[in-house]
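Close look at the chain arrangement
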Number of protein chains: 2
Amino acid sequence: MKNNFEFKNPTQLIFGKGTIAQLAKELPKNEKILVTYGGGSVKQNGVYEQVCHALKGFNYVEFWGIEPNPTVETLRKAIDLGKRENITYILAVGGGSVIDGTKLISSAIPYDGDAWELVLKPSKIGKMIPFASVITLPATGSEMNCGAVISNAEKQEKYAFYSSYPQFSILDPATTFSLPDFQIACGIADTFIHVLEQYLTVTEESALMDRWSEGIMQTLIELAPQIKTNKTNYEAMAEFMLCATMALNGFTAMGVTEDWATHLIGHEITALHGITHGQTLVIVILGTMKVMKEQKKEKILQFGARVFHISEGTEEQRMDKTIAACEQFFRSIGLATKLSELNIGKETITTIKERFIKRNTRLGERGNIDGNVTEEILIACL
Amino acid sequence: MKNNFEFKNPTQLIFGKGTIAQLAKELPKNEKILVTYGGGSVKQNGVYEQVCHALKGFNYVEFWGIEPNPTVETLRKAIDLGKRENITYILAVGGGSVIDGTKLISSAIPYDGDAWELVLKPSKIGKMIPFASVITLPATGSEMNCGAVISNAEKQEKYAFYSSYPQFSILDPATTFSLPDFQIACGIADTFIHVLEQYLTVTEESALMDRWSEGIMQTLIELAPQIKTNKTNYEAMAEFMLCATMALNGFTAMGVTEDWATHLIGHEITALHGITHGQTLVIVILGTMKVMKEQKKEKILQFGARVFHISEGTEEQRMDKTIAACEQFFRSIGLATKLSELNIGKETITTIKERFIKRNTRLGERGNIDGNVTEEILIACL
């Protein structure tokens, strides 16, 4: 452990079967609550009914329609509703996108200007409305962190945004049983790659954080085939849900150098083509590993040895085997691993390169991934 | 993951070199602060000077003399001082005992009766004075949990006590450089056995929690010889400090069945003979593993395989090898592993057995360790 760090995560987790009913006990009384929802899948899987039952006697209004990769255009409507109704508390019910969107709503209701200004200039964030969540899709970790990703449909842009932590989050693994296979696969990939962004940088910063990161990845590799066989396996889905939360709540990030190049490149692909976040990450991480192989050498070798048990061959061969094993894992859960499979080609690569050059973007743990290196990475993803 | 659970840990960690100076920024202004200390080692290692420097301009009084295994007799004096001075905030500076004692002080200043009543009847705890800590001895995890262990010298008793979490804790690994070798060894053992108490129960409750527990133990096994060679190795001591905090802050306990028999039996040995906590645990855990071998079989086998790489032999042989490897690890850090080495014999065993029978004690993950099984365990520790 070399580096100084600070850590605090105040979110209360309420985890397990039947826990949505605890909303009745956990939500503060005498508040005017805004309940935010996605597109309506919670009406099919019983979650909406459970939430309504728990909210009996509370004073609340509903906002429907926060979409995957939530846009400021949609969120402005929720913010207007919140201002009109003098909302003092928010409950997000849905996947990571609903919680992400709610984080912007929480900061923008007390703000006088336009919400997109807060995304571009976080220093403008002042008072925030407290909020809680009921998470129904394990993936983003938004239920136990202060981060969000907000899109601007008009500008085709997508940026990270930081506000506050949920006061509490309810995680009932049974709510995930009705998720489409593709969403589950993207959630597994998102979780795995959240870990890699915090792990695949430099060695010997923290032996314990390395072990904990490897522990999440080993667990996901064990779980994935069980979930593929039976996605209503409660214990496996519960373990996956726990992994997703633990992968991006700071527990594996103490004193370690982080990367996040893959996420920021992936966001561009989503912003331009609407591809699901986890799917973009899978493709980009493989290109990042290939192009940044020398810089990440020690950590790729450790990753291969400890997570995929790769011990034979030269360093070069072991790194290649590790990248191949990683690709094989993503294919085994049913995801594409190349841009060409999604019909994305050189034109998009050029657009992203030019955006990064224009913004003077510098990504990665050493800040040395600029527009040109991003182009190299994306070409390696074709 | 089978079991429902709730988790919340609001303590802020401020970790690293030179962080004591941050007290000036983190402590609340306009409070009357009680600063609690141990026996005075902080005057030799520079910690006291750094704290005084940071506290310039704050309104505070000092209380000195919280001993290892803090007694209610000593704490009553601090509580009286706190009441007299109308204390509104407490800063604990020292090892786990100072923080443990401070937790009782925090609850007892606003309480009208005697502090020992709060230890015996936690339901009597009402208002608590908020507190923070500067921890100088990695071991108990008290800097990031709400637990404490309080002794009653007059009655020769020692009980667990639960109040609130430190608002923040400052961990500067450089403060540990002057610790005696024996204290460091006991801290490593205490950390290792905190993990075992949460891990060595039943299998297949949480794959991730298992990995994280194993990760702490693997890290400690790697660190111990580095620390033995050079206890002023900053990076090794920092990693150990992180492990100690992470071993008892709930991060490895989500949804898992816990044991704690070893701790509760160990507390009796400390209460009767004043033996250092970590040293008692080392001896008792080996006896617990031997006597409870059948009940803990699956987990002992997993522990052996993953932490000590034991894969050869029958189940019986692998369990014996695992217990032997564990004993060997404790001996390698310089601790005794048998009661007889400390000149403790049958008389003490009988006293503890009788106490447990009188109290109708039932310990362990299945509540089946009564006075008689405790006697068996302690005989196995001779």
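Here the structure is a predicted model, which is why all the values come from computation and not from measurement.

**As for the overall build of chain A**
Looking only at helices and strands, one finds 15 helices and eight strands in chain A. Based on the C-alpha atoms only, the size of chain A along its principal axes is roughly 65 × 45 × 45 Å. Nonlocal contacts in chain A, meaning residues at least 24 apart in sequence, comprise 77% of its contacts between residues at least 6 apart. Distance between charge centroids for chain A: 2 Å, based on 38 positive and 44 negative side chains.

**Structural notes on empty space enclosed by the protein**
Tallied over the full model, the rule gives two cavities of 30 Å³ or more. Reported here for the largest cavity is a volume of approximately 60 Å³. What lines the largest cavity is a set of 15 residues, among which Gln198, Val202, Asp210, Val256 and Lys299 of chain B lie closest to the centre. Sorting the residues of the lining of the largest cavity by element identifies helix H7 (181-199) and helix H8 (207-229) of chain B as the ones contributing at least two each. The element contributing the most residues to the lining of the largest cavity is H8 of chain B, with three residues. A breakdown of the residues in the lining of the largest cavity according to their chemical character gives four nonpolar, seven polar and four charged. What lines the second largest cavity is Gln198, Tyr199, Thr201, Val202, Glu205, Met209, Asp210, Ser213, Thr252, Val256, Thr257 and Lys299 of chain A. Broken down by secondary-structure element, the contributors of at least two residues to the lining of the second largest cavity are helix H7 (181-199) and helix H8 (207-229) of chain A. Counting residues per element, the lining of the second largest cavity draws most heavily on H8 of chain A, at three residues. Grouping the constituent residues of the lining of the second largest cavity by class yields four nonpolar, five polar and three charged.

**Brief notes about the packing of H7 of chain B against H8 of chain B**
All names here are of chain B. Viewed as axis vectors pointing N to C, H7 and H8 meet at an angle of 165°, and their least axial separation amounts to 10 Å. Classified by the interaxial angle, the pair formed by H7 and H8 is roughly antiparallel. Between H7 and H8 lies a crossing whose hand is left-handed. Residues Ile184, Ile188, Thr191, Phe192, Val195, Leu196 and Tyr199 of H7 lie in contact with H8, whose contacting residues are Asp210, Ser213, Glu214, Ile216, Met217, Leu220, Ile221, Ala224 and Ile227.

**Comments concerning the packing of H8 of chain A against helix H12 (residues 297-308) of chain A**
Residues and elements named next belong to chain A. Two elements in contact, H8 and H12, have axes separated by 10 Å at closest approach and are oriented at 50°. One finds that H8 runs oblique with respect to H12. The handedness of the crossing between H8 and H12 is right-handed. Along the contact surface, H8 presents Asp210, Arg211, Glu214, Met217, Gln218 and Ile221, while H12 presents Lys299, Gln302, Phe303, Arg306, Val307 and Phe308.

**Section: the relation of the copies chain A and chain B**
The two copies are related by a screw operation: chain A maps onto chain B through 180° of rotation and 0.0 Å of translation along the axis, at an RMSD of 0.0 Å. Seen this way, the second copy is the image of the first under a two-fold rotation axis. Scanning chain A for the C-alpha nearest the rotation axis identifies Pro10 of chain A, at a separation of 2.2 Å. Taken together, the interface assignments show that 98% of the residues at the interface of chain A recur at the interface of chain B, consistent with an identical surface on both copies.

**Observations regarding the interface of chain A and chain B**
In this complex, chain A contributes 44 residues to the contact, which on the side of chain B involves 43 residues. Counting the surface lost from both chain A and chain B, the interface buries some 3700 Å², and carbon and sulfur atoms represent 55% of this. Taken as a group, Met1, Arg211 and Trp212 of chain A account for 19% of the area that chain A buries against chain B, more than any other trio of residues on that side. Along the contact surface separating chain A from chain B lie two salt bridges. Between Glu222 of chain B and Arg211 of chain A there is a salt bridge, with the nearest N and O atoms lying 2.5 Å from each other. Applying the counting criterion to the chain A and chain B interface returns 25 residue pairs in polar contact (both at pLDDT 80 or more). Secondary-structure elements contributing two or more residues to the side of chain A that touches chain B are strand E1 (5-15), helix H1 (23-26), H8 and helix H9 (234-246) of chain A. Among the elements that line the side of chain A that touches chain B, the one with the most residues is E1 of chain A, at 11 residues.

**Overview of the state of the cysteines**
By the definition in use, this model includes zero disulfides over all chains. With no disulfide partner, Cys326 of chain A has as its closest neighbouring cysteine sulfur the one in Cys381 of chain A, 13 Å distant. For Cys326 of chain A, a relative accessible area of 0% translates into the label buried. The closest cysteine sulfur to the non-disulfide-bonded Cys186 of chain B is located on Cys326 of chain B, 15 Å from its own sulfur.

**Things to note about the nonpolar core**
Of all hydrophobic cores here, the largest spans 187 residues; its most connected members are Phe303 of chain A together with Phe303 of chain B. Sequence-distant contacts of Phe303 of chain B, defined by excluding residues within four places in its chain, comprise Phe192, Leu196, Tyr199, Leu200, Met217, Met289, Phe308, Thr322 and Cys326 of chain B. Formed by 22 residues, the second largest nonpolar core is a distinct cluster that contains Leu23, Val47, Tyr48 and Val134 of chain B.

**Here we look at the pattern of salt bridges**
Residues and elements named next belong to chain B. Under the counting rule described, the total for this entry stands at 36 salt bridges over all chains. Across the pair Arg355 and Glu268 runs a salt bridge, and its minimum N-O distance is 2.7 Å. With a gap of 87 residues between them, Arg355 in helix H14 (residues 346-359) and Glu268 in helix H10 (residues 261-273) connect regions that are remote in the sequence. Like Arg355, the residue Glu268 is buried in the burial classification.

**Considering the sheet that holds strand E5 (residues 131-135) of chain B**
Ordered in space as E3(A)-E2(A)-E4(A)-E5(A)-E8(A)-E1(A)-E1(B)-E8(B)-E5(B)-E4(B)-E2(B)-E3(B), the 12 strands form an open sheet in which the pairing is mixed. If you trace the sheet from one side to the other, it starts and ends with strand E3 (59-63) of chain A together with strand E3 (59-63) of chain B, each paired once. Within the sheet, the average angular offset between the axes of one strand and its neighbour, ignoring direction, is 20°. Its contacts with the sheet place H9 of chain A against E1, strand E5 (131-135) and strand E8 (168-171) of chain A together with strand E1 (5-15) of chain B, and it is angled at close to 150° to E1 of chain A.

**Here's the deal with the packing of aromatic side chains**
The geometry of an aromatic ring pair comes down to the distance between the two centres and the angle between the two planes. If you walk through the whole model with that rule in mind, you get 30 aromatic pairs over all chains. For the ring pair Trp116 of chain A and Tyr159 of chain A, a centre distance of 6.0 Å and an interplane angle of 40° mean the geometry is tilted. In this pair, Trp116 of chain A is assigned in helix H6 (residues 115-120) and Tyr159 of chain A in strand E7 (residues 157-162), connecting sequence segments 43 residues apart. A relative accessible area of 22% places Tyr159 of chain A in the partly exposed class. Centre to centre, the rings of Phe192 of chain A and Phe330 of chain A are 5.7 Å apart; their planes meet at 85°, and the pair counts as edge-to-face. Placement of Phe192 of chain A in helix H7 and of Phe330 of chain A in helix H13 (residues 315-332) is noted, with a sequence separation of 138 residues between them. Each member of the aromatic cluster is reached from another via a ring pair, and the members are Phe7, Trp212 and Phe251 of chain A together with Phe7, Trp212 and Phe251 of chain B. Across from the ring centre of Tyr199 of chain A, 4.6 Å away, lies the NZ or CZ of Lys299 of chain A, which sits over that ring. One Lys or Arg, Lys43 of chain B, reaches over the ring of Trp64 of chain B and ends 4.5 Å from the middle of that ring.

Conventions adopted
Residues numbered from 1 in each chain as written. Chains lettered and ligands numbered in written order. Predicted model: local features only at pLDDT ≥ 70, side-chain atom pairs only at ≥ 80, totals over all residues. Heavy atoms only, no water. Helix = DSSP H or I, 4+ residues; strand = E, 2+ residues; numbered from the N terminus. Contact = heavy atoms within 4.5 Å. Lys, Arg positive; Asp, Glu negative; His and termini not counted. Charge placed at Lys NZ, Arg CZ, Asp CG, Glu CD. 1 Å grid on protein atoms, 1.4 Å probe; cavity = no way out; pocket = protein on both sides within 12 Å on 5 of 7 lines; lining within 4 Å. Points joined across faces, edges and corners; volume = space filled by probe spheres on them. Nonpolar A, V, L, I, M, F, W, Y, C, P; charged D, E, K, R; others polar. Axes fitted to C-alpha atoms, helices over the stretch in contact; angles between N-to-C directions. Parallel < 35°, antiparallel > 145°, perpendicular 65-115°, else oblique. Left-handed = near helix turned anticlockwise from the far one by under 90°. Least-squares fit on C-alpha atoms with pLDDT ≥ 70 in both. Buried area = accessible area lost by both parts, 1.4 Å probe. Salt bridge = Lys/Arg side-chain N within 4 Å of Asp/Glu carboxyl O. Polar contact = N/O pair within 3.5 Å; in protein donor to acceptor, adjacent residues only side chain to side chain. Disulfide = S-S within 2.5 Å. Buried < 20%, exposed > 50% of the residue type's maximum accessible area, 1.4 Å probe, protein only. Core = buried A, V, L, I, M, F, W, Y, C linked by side-chain atoms within 4.5 Å. Pairing = 2+ DSSP bridges. Phe/Tyr/Trp six-rings, centres within 6.5 Å; stacked < 30°, edge-to-face > 60°. Lys NZ or Arg CZ within 6 Å of the ring centre and 35° of its normal.

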